[in-house]
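Chain residues, written in single-letter form:
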Amino acid sequence: MASVSPAMPEIGRARRLVVKIGSALLVDRAGLLRRDWLAGLALDVAAAKARGADVVLVSSGSIALGRAVLGLGTGPLTLDQSQAAAAVGQIRLARAYEEVLAPHGLTAGQILVTLEDTEDRRRYLNSRATMETLIGLGVVPIVNENDTVATDEIRFGDNDRLAAQIAVTVGADQLVLLSDVDGFYSADPRREPGARRFDVIERITPEIEAMAGDAGSGLSRGGMRTKLLAAKTAVAGGCAMAITEGSALRPLKALAEGAAATWFLPEGTPQIARKRWIAAMKPRGSLHLDAGAASALGAGKSLLAAGVTAVSGRFERGDPVAIHGPGGEALAKGLVRYSAAEARAIAGHRSGDIEAILGYPGRGPMVHRDDMAF
């Protein structure tokens with residue numbers, strides 16, 4: 001095996017942790033929920049929360065649970081059958097998470113998304129805001145693809161990719177894929193006994209990509225190639241990612257105690273990656289500030305509407321804008337929380353006046369400091 005790198009992440013140090021649960025771990029071959037396993041996972045989640053970490057779960061299992069209830073057998077399902085099974089199974093899945101987390105004083109929240117929700121900027125911002133609010137309230141979000149309405153054209157297709165996108169969306173520093181394999185191998189170990197598992201992958205090279213196969217379990221749609229695609233998304237977003245075999249009753253505890261896994265190392269931190277992403281965007285408008293607001297930005301503050309003296313361009317909520325000082329000098333780029341029309345209406349006004357001007361409550365600062373790149 002590859003030697004352990006001193007840079008290997010430690011799950012016990014995660015600040016914000018996203019965990020993906022595969023169907024084959026959650027549901028047995030008869031289509032029944034593995035309640036003992038789920039209860040063990042809940043213990044791990046409670047332990048992570050107790051040490052101050054935020055936890056988001058990305059869970060498969062709704063179709064696998066629903067097809068058993070509907071008597072749809074074990075063969076391939078049509079799209080309509082998959083959507084029907086998801087509609088039935090999702091209720092049971094959400095209830096199961098609620099029941100295992102409640103004894104630990106934890107509240108579960110359900111979020112169903114499609115690929116469109118991440119590609120449409122407004123829907124992406126709404127999803128991000130919802131998850132951030134839930135996390136801030138101490139809730140454990142349970143995320144799944146909305147299989148009841150997603151078609152082949154608008155679906156992630158596997159929850160590995162979804163988990164990576166969610167990890168980047170919420171700024172997680174670690175993502176763990178609980179799988180039916182214990183890491184990334186040089187070849188499929190079920191077919192090639194001499195295949196080598198990597199403990200740490202510092203960079204995803206073309207050689208690493210060539211090693212990825214497509215083998216998956218009968219209940220899971222995701223193979224090693226989708227896990228590698230997930231890793232590329234995660235590490236580019238500053239998030240370390242682990243692939244580990246998750247059948248242990250305390251899978252996160254097992255990982256912390258040295259269970260076999262492959263860690264993909266991140267490119268910087270989530271904050272650095274986000275700033276880099278914002279800096280690379282083309283502005284769709286500009287905000288001009290007075291001297292007080294410019295000074296506040298230099299001190300690391302958010303941009304409030306009161307400090308904006310002029311608005312130019314056509315933009316919508318979430319679009320990138322250039323931020324200029326009183327002399328026209330470039331100060332930063334940022335993602336604006338108001339449309340151009342809204343920004344013009346509230347520019348120069350205090351936050352307490354925004355509701356009276358717009359007719360609805362404001363969305364906080366014009367540009368939040370976390371959404372700025374200097």
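Here, every reference points to the structure presented above.
Just so it is clear, the model here is predicted, and its values are computed rather than measured.

Some thoughts on the overall build of the protein chain
Next up, step 1: Along the protein chain, the regular secondary structure elements total 14 helices and 15 strands.
Next up, step 2: For the protein chain, the C-alpha radius of gyration of 23 Å lies close to 21 Å, the compact-globule estimate for 374 residues.
Next up, step 3: Taken along the three principal axes of its C-alpha coordinates, the protein chain extends 65 × 45 × 40 Å.
Next up, step 4: Taking all 374 residues of the protein chain together, 50% fall into the buried category.
Next up, step 5: Here the analysis covers contacts within the protein chain between residues at least 6 apart in sequence; of these, 72% occur between residues at least 24 apart.
Next up, step 6: On the protein chain, roughly 16800 Å² of surface is accessible, and the fraction owed to carbon and sulfur atoms is 52%.
Next up, step 7: For the protein chain, the distance from the average site of its 43 positive side-chain charges to the average site of its 41 negative ones is 3 Å.

Quick look at the sheet that holds strand E11 (residues 285-289)
Next up, step 1: With mixed pairing, 5 strands are arranged side by side in an open sheet as E12-E11-E13-E14-E15. The open sheet is flanked by strand E12 (308-313) and strand E15 (372-373), the only strands paired with a single partner.
Next up, step 2: Relative to strand E14 (residues 330-335), strand E13 (residues 320-324) runs antiparallel, the two being bridged by 5 bridges. Pairing of Ala-322 across the sheet is with Lys-333, part of E14.

Here's the deal with the sheet that holds strand E2 (residues 54-59)
Next up, step 1: The 8 strands are arranged E3-E4-E2-E1-E5-E9-E10-E8 in an open sheet whose pairing can be described as mixed. Here the strands that pair on one side only, and so sit at the sheet edges, are strand E3 (108-113) and strand E8 (200-201).
Next up, step 2: Alignment of strand E9 (residues 240-245) against strand E10 (residues 261-264), held across 4 bridges, turns out to be antiparallel. Each bridged residue has a counterpart across the sheet, and for Ile-243 the counterpart in E10 is Thr-262.

Notes on helix H4 (residues 79-101)
Next up, step 1: Here H4 contains 23 residues, and its C-alpha end-to-end distance of 32 Å stays within 8% of the 33 Å for a straight helix at 1.5 Å per residue.
Next up, step 2: A bend of about 30 degrees at Gly-89 is the largest found in H4.

Let's talk about the packing of helix H2 (residues 35-50) against H4
The description of two packed helices rests on the angle between their axes and on the distance between the axes.
Next up, step 1: Contact pair H2 / H4: the axes reach a minimum separation of 9 Å and the direction vectors enclose 55 degrees. In this view, H2 runs oblique relative to H4, as classed from their interaxial angle. Taken as a pair, H2 and H4 cross one another with a handedness that is right-handed. Only Ala-96, Tyr-97, Glu-99, Val-100 and Leu-101 of H4 make contact with H2, whose side of the interface consists of Arg-35, Leu-38, Ala-39, Ala-42 and Val-45.
Next up, step 2: Looking at side-chain class alone, the contact of H2 with H4 contains 8 nonpolar, no polar and 2 charged residues.

What about the pattern of salt bridges?
Next up, step 1: What the rule picks out here adds up to 16 salt bridges.
Next up, step 2: For Asp-319, the salt bridge is made with Arg-284, and the minimal N-O distance between the two is 3.3 Å. A residue pair is termed long-range when its members are at least 10 positions apart, and Asp-319 in the loop between E12 and E13 and Arg-284 in the loop between helix H11 (270-279) and E11 qualify at 35 residues.
Next up, step 3: One salt bridge in this structure joins Asp-371 and Arg-337, with 4.0 Å as the shortest N-O distance. With Asp-371 in the loop between helix H14 (354-358) and E15 and Arg-337 in the loop between E14 and helix H13 (340-346), the pair connects residues that are 34 residues apart, well separated along the chain.
Next up, step 4: Residue Asp-371 is classed as buried on the basis of its relative accessible area, which comes to 6%.
Next up, step 5: Note on Arg-337: relative accessible area 26%, which makes it partly exposed.
Next up, step 6: Where salt bridges share partners, they join Arg-128, Arg-274, Arg-337 and Asp-371 into one cluster.

Description of the nonpolar core
Next up, step 1: Counting 37 residues, the largest nonpolar core has Ile-21, Leu-26, Leu-38, Leu-57, Val-176 and Leu-178 as the members making the most contacts within it.
Next up, step 2: With 7 residues, the single largest contributor to this core is H2.
Next up, step 3: Contact partners of Val-176, with chain neighbours within four places excluded, come to Ile-11, Leu-17, Val-18, Val-19, Lys-20, Ala-242, Thr-244, Leu-252, Leu-255 and Trp-263.
Next up, step 4: Of all hydrophobic cores here, the second largest spans 36 residues; its members include Leu-162, Ala-163, Phe-184 and Leu-228.

Topic: the packing of aromatic side chains
The geometry of an aromatic ring pair comes down to the distance between the two centres and the angle between the two planes.
Next up, step 1: Scanning all chains against the criterion turns up 2 aromatic pairs.
Next up, step 2: Ring geometry for Phe-184 versus Phe-264: centroids 6.2 Å apart, planes at 75 degrees, classification edge-to-face. Pair noted here: Phe-184 is in strand E6 (residues 184-185) and Phe-264 is in strand E10, with a separation of 80 residues, a long-range link. Side by side, Phe-184 and Phe-264 carry an identical accessibility label, which is buried.
Next up, step 3: By the ring-pair criterion, three or more aromatic residues cluster together here, those being Phe-184, Phe-198 and Phe-264.

Regarding H11
Next up, step 1: Taken together, the buried positions of H11 are Pro-270, Ala-273, Arg-274 and Ile-278. Summarising the axial view, the buried residues of H11 lie within an arc of 135 degrees, below the 170-degree limit, and thus occupy one face.
Next up, step 2: Where H11 is buried, its residues touch helix H6 (121-136), helix H9 (224-236), E14 and E15.

The rules behind the values
Residues numbered from 1 in each chain as written. Predicted model: local features only at pLDDT ≥ 70, side-chain atom pairs only at ≥ 80, totals over all residues. Heavy atoms only, no water. Helix = DSSP H or I, 4+ residues; strand = E, 2+ residues; numbered from the N terminus. Rg over C-alpha atoms; globule rule 2.2 N^0.38 Å. Buried < 20%, exposed > 50% of the residue type's maximum accessible area, 1.4 Å probe, protein only. Contact = heavy atoms within 4.5 Å. Areas by Shrake-Rupley, 256 points an atom, 1.4 Å probe, with all protein chains shown as cover. Lys, Arg positive; Asp, Glu negative; His and termini not counted. Charge placed at Lys NZ, Arg CZ, Asp CG, Glu CD. Pairing = 2+ DSSP bridges. Expected span 1.5 Å × (residues − 1). Bend = angle between axes of the 7 residues up to and from the residue. Axes fitted to C-alpha atoms, helices over the stretch in contact; angles between N-to-C directions. Parallel < 35°, antiparallel > 145°, perpendicular 65-115°, else oblique. Left-handed = near helix turned anticlockwise from the far one by under 90°. Nonpolar A, V, L, I, M, F, W, Y, C, P; charged D, E, K, R; others polar. Salt bridge = Lys/Arg side-chain N within 4 Å of Asp/Glu carboxyl O. Core = buried A, V, L, I, M, F, W, Y, C linked by side-chain atoms within 4.5 Å. Phe/Tyr/Trp six-rings, centres within 6.5 Å; stacked < 30°, edge-to-face > 60°. Arc of directions from axis to C-beta.

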